[in-house]
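Report on the structure
Residue strings, one per chain:
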Amino acid sequence: ERVVFFGDSITHAGRYMHYLQLWENLRHPGSGVRLMNGGIAGETARQGLARLNAEILPMKADRAFVMFGMNDVGRENYATAAPTSGRKASRVKSLEEYSANMETLAKSLVSSGIETVLMTPTPYDQYTAAKGENLVACNEPGLAACAEAVRELASRLHMGIAELHRPMTEMFK
């Protein structure tokens, strides 16, 4: 089986993919499962959609795991828990664009014959005292809203889902 992980820098870094490939190789030697990295640092779901045909589909994956959100959320809109009306509107617009792009991506992968699993985005750590600027609302409500959009999409399209946001948020807290 050929499996592509499609996403942003969290995917591009490849750490979790390497652990998964190692686990697969050790637990099921000779299974032939091959994990491929389709992540690009800094990318949004819209940008991923733009390179789907040229870069992801030629990988000829049987299955795709898709995780975007960290760059889609508009982190600058979450620097304060009490945003201006302009920032509130930007939050709404970013979430609407993210949801629409994720739906188009998911449907495109499925229509190409690729079994697709959506992954909720990993959280932003707004809970610890970070050096420099801490975006105090980036995870909640920001990425939490992206994660809910992914859950809703997976349910509506009857797709698999890998839930990362909730358990990782609890670990941060």
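To be clear, the structure that these remarks concern was listed above.
This is a predicted model, so every value here is computed, not measured.

Considerations on helix α4 (residues 85–111)
- The terminal C-alpha atoms of α4, which comprises 27 residues, lie 39 Å apart, in line with the 39 Å expected from a rise of 1.5 Å per residue.
- The set of residues buried in α4 consists of R91, S94, Y98, N101, M102, E103, L105, A106 and L109.
- Next to the buried residues of α4 lie β1 (2–7), α3 (45–56), β3 (63–67), β4 (115–119) and α5 (138–157).

Looking at α5
- Between the first and last C-alpha of α5 there are 27 Å, a value that for 20 residues agrees with the 28 Å anticipated at 1.5 Å per step.
- Along its length, α5 reaches its greatest deviation from straightness, about 25°, at A144.
- Taken together, the buried residues of α5 touch α4, β4, β5 (160–162) and α6 (165–172).
- Following α5 by one or two positions, H158 adopts a phi angle in the positive range, close to 55°.

Some details on the layout of surface pockets
- Roughly 290 Å³ of volume is contained in the largest pocket.
- Considering the residues around the largest pocket, the lining is formed by 16 residues, among which F5, Y16, L20, L35 and F65 are closest to the centre.
- The set of elements that each furnish at least two residues to the lining of the largest pocket consists of β1, α2 (15–27) and β3.
- Ranked by residue count, the leading element in the lining of the largest pocket is α2, at four residues.

Here we look at the pairing of β3
- A large share of β3 lies buried, amounting to four of its five residues.
- Across five bridges, β1 lies against β3 in parallel orientation. Bridged to V4 within β3 is A64.
- For β3 and β4, the ladder comprises four bridges, and the chain directions are parallel. Along β4, the bridge assignment pairs F65 with V117.
- Since β3 and β4 lie parallel, the crossover through α4 that links them has a hand, and here it is right-handed.

Digging into the sheet that holds β3
- Pairing in this open sheet of five strands is parallel, and the strands run β2-β1-β3-β4-β5 from one edge to the other. Of all the strands in the sheet, just β2 (34–39) and β5 have a single pairing partner and so form its edges. Between one strand axis and the next, the sheet turns by 25° as a mean value, whatever way the strands run.
- Contacts from α2 reach β1, β2, β3 and β4 within the one sheet, and its direction differs from that of β2 by about 175°.

Details of the pattern of salt bridges
- In total, this model carries 12 salt bridges according to the counting rule given.
- A salt bridge links R166 to E148, with the nearest nitrogen and oxygen atoms 4.0 Å apart. Linking R166 in helix α6 with E148 in helix α5, this pair joins segments that are 18 residues apart in sequence.
- The partly exposed category is assigned to R166, whose relative accessible area is 49%.
- Between R151 and E163 there is a salt bridge whose closest N-O contact spans 2.7 Å. Of the two residues, R151 is situated in helix α5 and E163 in the loop between β5 and α6; the sequence distance between them amounts to 12 residues.
- The buried category is assigned to R151, whose relative accessible area is 15%.
- Overlapping salt bridges bring together E103, K107, E152 and R156 as one network.

The rules behind the values
- Residues numbered from 1 in each chain as written.
- Predicted model: local features only at pLDDT ≥ 70, side-chain atom pairs only at ≥ 80, totals over all residues.
- Heavy atoms only, no water.
- Helix = DSSP H or I, 4+ residues; strand = E, 2+ residues; numbered from the N terminus.
- Expected span 1.5 Å × (residues − 1).
- Buried < 20%, exposed > 50% of the residue type's maximum accessible area, 1.4 Å probe, protein only.
- Contact = heavy atoms within 4.5 Å.
- Bend = angle between axes of the 7 residues up to and from the residue.
- 1 Å grid on protein atoms, 1.4 Å probe; cavity = no way out; pocket = protein on both sides within 12 Å on 5 of 7 lines; lining within 4 Å.
- Points joined across faces, edges and corners; volume = space filled by probe spheres on them.
- Pairing = 2+ DSSP bridges.
- Right-handed = clockwise from strand over helix to strand, strands pointing away.
- Axes fitted to C-alpha atoms, helices over the stretch in contact; angles between N-to-C directions.
- Salt bridge = Lys/Arg side-chain N within 4 Å of Asp/Glu carboxyl O.

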